[in-house]
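Structure assessment
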Amino acid sequence: MEMNKWNGKAYTRSYYEILEKRRSLPVYAQKQEFLQCLMSNQTVILVGETGSGKTTQIPQFVLEAVHVDDAGKNPRKWLVGCTQPRRVAAMSVASRVAEEMDVAIGEEVGYTVRFEDCTSSKTVLKYLTDGMLLREAMTDPLLQRYKVLVLDEAHERTLATDLLFGILKRVLRNRPDLKLVVMSATLEAEKCLEYFSGAPLMKVPGRLHPVEILYTREPERDYLDAAVRTVVQIHMFEPPGDVLVFLTGEEEIEEACRKIVGELGDQVNVVPLYSSLPPAMQQKIFDPATGNRRKIVVSTNIAETSLTIDGVVYVVDPGFAKQKLYNPKTRVESLLVSPISQASARQRAGRAGRTRPGKCFRLYTEKSFNNDLIAQTHPEILRSNLANTVLTLNKLGVDNLVSFEFMDSPAPVTLGGALSDLVDLGALDADEGKFGNLTRTGEMMSEFPLDPQMAKMLIVSPKFNCSNEILSISAMLSVPNCFIRPRGEARKEADEARARFGHVDGDHLTLLNVYNAYKQNNGDSNWCYENFISHRAMKSAENVREQLVRIMSRFNLKICSSDYTSRDYYNNIRKALLAGYFMQVAHLDRTGCRYLTAKDDQMVHLHPSCCLDYKPEWVVYNEYVLTSRNFIRTVTYIRGEWLMDVAPQCYHLNNFKNCETKRVLQKLSKKRDREGNPK
Ligand code: CDP
Ligand code: MG
């Protein structure tokens, strides 16, 4: 009997069944060619259509080769790492590959994503997000534990992958024994080839069938309704074959699913796919539909290239995705539903031709495709606030940004903005004209897997004697929304339940109330259910909090609370919030209904989800949301005079530009002077 060399057990039947399928994947035919290529080069670039087997097979090929090569040596030295831009993909693919190798997930095959490490000392193949590999490089600059690294989905050009390119170039020079495979789904690999000059390009021919593209004659007014209508028509008039619909986010997807079920009932199997869906539900997209029904997957961009769903014959593409946008003038980064690129549209269409000829229904006009869509999505590095990036690079020993080999260099004004934010946060010392050095605070900030503001808030929270509370708030801000808001009858009940947690000073403290109530009820799932609180979100918040506590302890940061009955209990928490998020402050304008952001005078409104039933003069906010209007979300009331105590560097009147906020601050400051030394 053949034994599984990874765990010494006999292979199960399903192993052989899956093996059959694996052998039919396009990459399988080029296994030897690939391994040869890898043997004779340090870096290999591999391009292959989505679904050709890159993500699941290539790391296994590599593993076999490395295993033979190094047999008998310390297995830890053989670690093969494969990066994914999305955590969902990392987790899902790791489970699939564990199944293919007939081992338990978390043992020989595992994954690491932010706040979750599912690996063990036995792990030889690890899928991880690109962000996690960057974090690992902070403590292991030469990535010594890896023998081979596979950077997957390079065409996505996420911020973290772009940084890894530059970091790995240096690592490869210092570690001749390390090998790198860069994998991409599109043929626009020239940039990559040029960047890794000398690396060979290997192509895996796709197995794509022709896809007929259909456009709408007129622009659609409501793409969600149009998408639902199109699905219904496909179901009524087209031959069997599954449908994949691209929408932009959880709410839209759930709504579309409800509407499709409303129209077609149980004639179809409707399956949603988005990142905050529980993993077991995510796995459902791979299940064949039951009883000869048509399967309809309604997904975010995850299904564009990260996950391949077999059996899709029809694609519905409304032409939108949630994308990160950055305005360097206001330094606001926001997620916005915006038109996709032509390249994305082609990828989406390609999903229809995997098993047989298919059709792609584009819910926009052909003219719009040609004239309105940009050719390629801009790399994320050109669409981001770079404060975190600068901090990360600094920690990675790249202290001269100008000499860093970016594949696409960010605009100097964006880098400049990031530097000045970091100086304001006290992470960099301000050397006029010169790139400042990381301060002790900056060092600590870079160790937290959080944005710099939140890290700063945690680091200073012991000074405000409320690190316990700030830890809970940070954890709650780092997980998906904990409030469940069902449709129909139950909605009112849910809103009432939510209101019971409401804190008079605002949303951050409301989140704290929820966390504390959850702990008082011992994390009981019934309690969550009765209060319309997501048990899953709360469990992750607990987990995140524990990890943050560990980082705090590593730096000997005190875990403490003020006396709950003291007058200052909540004031201290609000001041600590402000000590991190002082850049995200808004002031009520003269009309008394809108706010102006303090740093850049943008007009914003309180988000409808805000728990405040009055409009405080000053607020600190967690997030700036751009939709039909500009909203600030997760908002807490603060006092204007605290700004000058907590962030004097940023709110010093001398270097504040002339605007309404400055005038208000001037008044406050005069008042303080008159009153002597107020609290
Ligand atoms: O990376 P690439 O797009 O080239 O392909 P892949 O993700 O390795 O997928 C290869 C095959 O594995 C496809 O037929 C997928 O449908 C299948 N797969 C699966 O059945 N279950 C998963 N969780 C992941 C992939
Ligand atoms: Mg892939």
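Below is a summary of the structure that appears in this document. Just so it is clear, the structure is predicted and the values come from calculations on it, not from any experiment. (Residues numbered from 1 in each chain as written. Chains lettered and ligands numbered in written order. Predicted model: local features only at pLDDT ≥ 70, side-chain atom pairs only at ≥ 80, totals over all residues. Heavy atoms only, no water.)

**Description of the sheet that holds strand 21 (residues 630-638)**
Around the barrel, which closes on itself, the five strands sit in the order 17-18-19-21-20 with mixed pairing between neighbours. Pairs of neighbouring strands in the sheet enclose a mean axial angle of 50 degrees, with direction left out of account. Bridging between strand 17 (residues 585-588) and strand 20 (residues 618-626) involves three bridges; their strand directions are antiparallel. If you follow Val-585 over to strand 20, its bridge partner there is Val-620. Sheet strands touched by helix 26 (residues 660-675): strand 17, strand 18 (595-597) and strand 20. Its angle to strand 20, the strand with the most contacts, is close to 165 degrees. (Pairing = 2+ DSSP bridges. Helix = DSSP H or I, 4+ residues; strand = E, 2+ residues; numbered from the N terminus. Axes fitted to C-alpha atoms, helices over the stretch in contact; angles between N-to-C directions. Contact = heavy atoms within 4.5 Å.)

**Considerations on empty space enclosed by the protein**
In this structure the tally under the stated criterion is two cavities of 30 Å³ or more. Quantified by volume, the second largest cavity comes out at close to 40 Å³. In terms of lining residues, the second largest cavity is bounded by Leu-244, Ala-303, Leu-307, Thr-308, Ile-309, Val-312, Arg-351 and Arg-354. Of the residues in the lining of the second largest cavity, the class split is five nonpolar, one polar and two charged. (1 Å grid on protein atoms, 1.4 Å probe; cavity = no way out; pocket = protein on both sides within 12 Å on 5 of 7 lines; lining within 4 Å. Points joined across faces, edges and corners; volume = space filled by probe spheres on them. Nonpolar A, V, L, I, M, F, W, Y, C, P; charged D, E, K, R; others polar.)

**Some remarks on the packing of aromatic side chains**
Inspection of the entire model under this criterion finds 18 aromatic pairs. With a centroid separation of 5.9 Å and 55 degrees between ring planes, the pair formed by Phe-165 and Tyr-195 is classed as tilted. Residue Phe-165 is located in helix 6 (residues 159-174), and its partner Tyr-195 is located in helix 7 (residues 190-195); the two are separated by 30 residues in the primary sequence. Among the residues examined, Phe-165 registers a relative accessible area of 0% and is labelled buried. Using a relative accessible area of 8% as the deciding quantity, one classes Tyr-195 as buried. Centre to centre, the rings of Phe-448 and Phe-555 are 6.4 Å apart; their planes meet at 40 degrees, and the pair counts as tilted. (Phe/Tyr/Trp six-rings, centres within 6.5 Å; stacked < 30°, edge-to-face > 60°. Buried < 20%, exposed > 50% of the residue type's maximum accessible area, 1.4 Å probe, protein only.)

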